[in-house]
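So you can see what is in the structure, the chains are spelled out below.
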Amino acid sequence: MSDTPPPVLPPPAPTPGPARSGCLTALMAIAGIFMLLPGLCALLFGGVSMFEDGKIAGDIAPFVFLGLVVGIAGVAMIWAAIKGRRVPAHPPTQP
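What counts as what
- Residues numbered from 1 in each chain as written.
- Predicted model: local features only at pLDDT ≥ 70, side-chain atom pairs only at ≥ 80, totals over all residues.
- Heavy atoms only, no water.
- Axes fitted to C-alpha atoms, helices over the stretch in contact; angles between N-to-C directions.
- Helix = DSSP H or I, 4+ residues; strand = E, 2+ residues; numbered from the N terminus.
- Parallel < 35°, antiparallel > 145°, perpendicular 65-115°, else oblique.
- Left-handed = near helix turned anticlockwise from the far one by under 90°.
- Nonpolar A, V, L, I, M, F, W, Y, C, P; charged D, E, K, R; others polar.
- Expected span 1.5 Å × (residues − 1).
- Buried < 20%, exposed > 50% of the residue type's maximum accessible area, 1.4 Å probe, protein only.
- Contact = heavy atoms within 4.5 Å.
- UniProt positions renumbered as here; feature names shortened; annotations may be inferred.

Looking at this structure, I do not really get the packing of helix 1 (residues 22–53) against helix 2 (residues 61–83). What am I missing?
Two numbers describe a pair of packed helices, the interaxial angle and the distance between the axes. At a minimum axis distance of 7 Å, the contact between helix 1 and helix 2 shows a crossing angle of 150°. The orientation of helix 1 with respect to helix 2, classified from their angle, is roughly antiparallel. Helix 1 and helix 2 meet at a crossing whose hand is left-handed. Tallied by class, residues from the contact of helix 1 with helix 2 come to 18 nonpolar, 7 polar and no charged.

What follows is the structure in structure tokens.
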């Protein structure tokens, strides 16, 4: 007689973590929208400066850069609020 190996079982499905409340999602989205405003102002002032002089004035360049960084962070926060937290497919194994 031949011995047949037992069938290979798939790994157990990960259990979903605790759900994030809708209030936190709304707060993250609203905070992200407020963070878009400095980015919009940076685009506006940087564009006006480029239109007048052909280059961004040295005295407002750091503010334009900072406004763009805050605006990008706002986009990231809105994206994180909409997408939610991802649960890893497989928990890490310890040797």
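Honestly, helix 2 in this entry has me stumped. Any pointers?
Owing to its 3.6 residues per turn, the α-helix brings residues three or four apart onto one side. Compared with an ideal rise of 1.5 Å per residue, which puts 23 residues at 33 Å, helix 2 spans 33 Å between its outermost C-alpha atoms and is within 8% of the ideal. All of the buried residues along helix 2 are V64, G67, G71, G74, I78 and A81. Its buried side turned inward, helix 2 meets helix 1. Two residues or fewer past helix 2, G84 is found with a positive phi of approximately 80°.

Help me out: how do you make sense of the UniProt feature "transmembrane region" (unreviewed entry) in the chain in this one?
In the numbering used here, UniProt assigns the feature "transmembrane region" (unreviewed entry) to residues 24–48 and 60–82. A helix fraction of 100% and a strand fraction of 0% characterise residues 24–48, whose end C-alpha atoms lie 37 Å from each other. The span residues 60–82 is 96% helical and 0% strand by assignment, and the distance between its end C-alpha atoms comes to 33 Å.

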